[in-house]
Each structure stands twice: as C-alpha cells, then as structure tokens.
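So you can see what is in the structure, the chains are spelled out below.
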Amino acid sequence: MEKTVRIGKVEDQDNFRRDDIRNMSPDARVNMMLEMQSRFCRWDLNPEIKRIVKVKKVHYK
C-alpha cells in the first residue's frame with residue numbers, strides 16, 4: 001500500500017480532499033462510496049436491513 005502524506009495548513013485540507021476525489025476514476029469513487037456505506041450501515045450486523053440496489057446504465061450521446 002502506498003500512502004501520501006501532505007504537510008499543509010488546516011485550511012488546505014478541503015482542497016486536498018477535493019483534488020484526491022477529482023483524480024479518482026468514476027469506478028474508484030463508486031467503490032469508495034460503497035465501502036463507506038457498508039462501514040456506516042454494517043449490513044452484516046443487522047439482518048433486518050435489506051440492501052436494495054437498482055443499477056441503471058445511462059447512455060450519453
């Protein structure tokens with residue numbers, strides 16, 4: 001695993017985060033969101049919550 005450490009002011013943290021997300025691929029952004037969701041909701045610990053997903057492809061011209 002490779003980690004990047006940035007040294008800057010507290011005020012620069014939002015720009016660092018925005019730059020990191022902007023540089024990610026769309027698939028990586030979706031995977032990051034799904035990972036955050038699973039950590040927050042803990043689907044494995046609460047079987048009463050059913051995960052419902054609808055995948056829709058959008059074709060642009």
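Relevant structure appears above.
Residues numbered from 1 in each chain as written. Predicted model: local features only at pLDDT ≥ 70, side-chain atom pairs only at ≥ 80, totals over all residues. Heavy atoms only, no water.

## Description of the overall build of the protein chain
So, point 1. Regarding its fold elements, the protein chain presents two helices and zero strands.
So, point 2. Taking 10 Å as the expected radius of gyration for a compact globule of 61 residues, we find that the protein chain reaches 16 Å, considerably beyond that expectation.
So, point 3. Each of the three principal axes of the protein chain carries a C-alpha extent, and together these read 45 × 40 × 25 Å.
So, point 4. For the protein chain, the proportion of its 61 residues judged to be buried stands at 2%.
So, point 5. Computing the positive centroid from 15 side-chain charges and the negative centroid from 10, the protein chain places the two 9 Å apart. (Helix = DSSP H or I, 4+ residues; strand = E, 2+ residues; numbered from the N terminus. Rg over C-alpha atoms; globule rule 2.2 N^0.38 Å. Buried < 20%, exposed > 50% of the residue type's maximum accessible area, 1.4 Å probe, protein only. Lys, Arg positive; Asp, Glu negative; His and termini not counted. Charge placed at Lys NZ, Arg CZ, Asp CG, Glu CD.)

## So, the pattern of salt bridges
So, point 1. Counted according to the given criterion, the structure contains four salt bridges.
So, point 2. We note a salt bridge from Arg6 to Asp20, for which the minimum N-O separation is 2.5 Å. Here Arg6 is found in the segment before α1 (13-23), whereas its partner Asp20 is found in helix α1, with 14 residues between them in sequence.
So, point 3. By relative accessible area, which is 38% here, Arg6 ends up partly exposed. (Salt bridge = Lys/Arg side-chain N within 4 Å of Asp/Glu carboxyl O.)

Any functional reading would require information that these geometric values do not contain.
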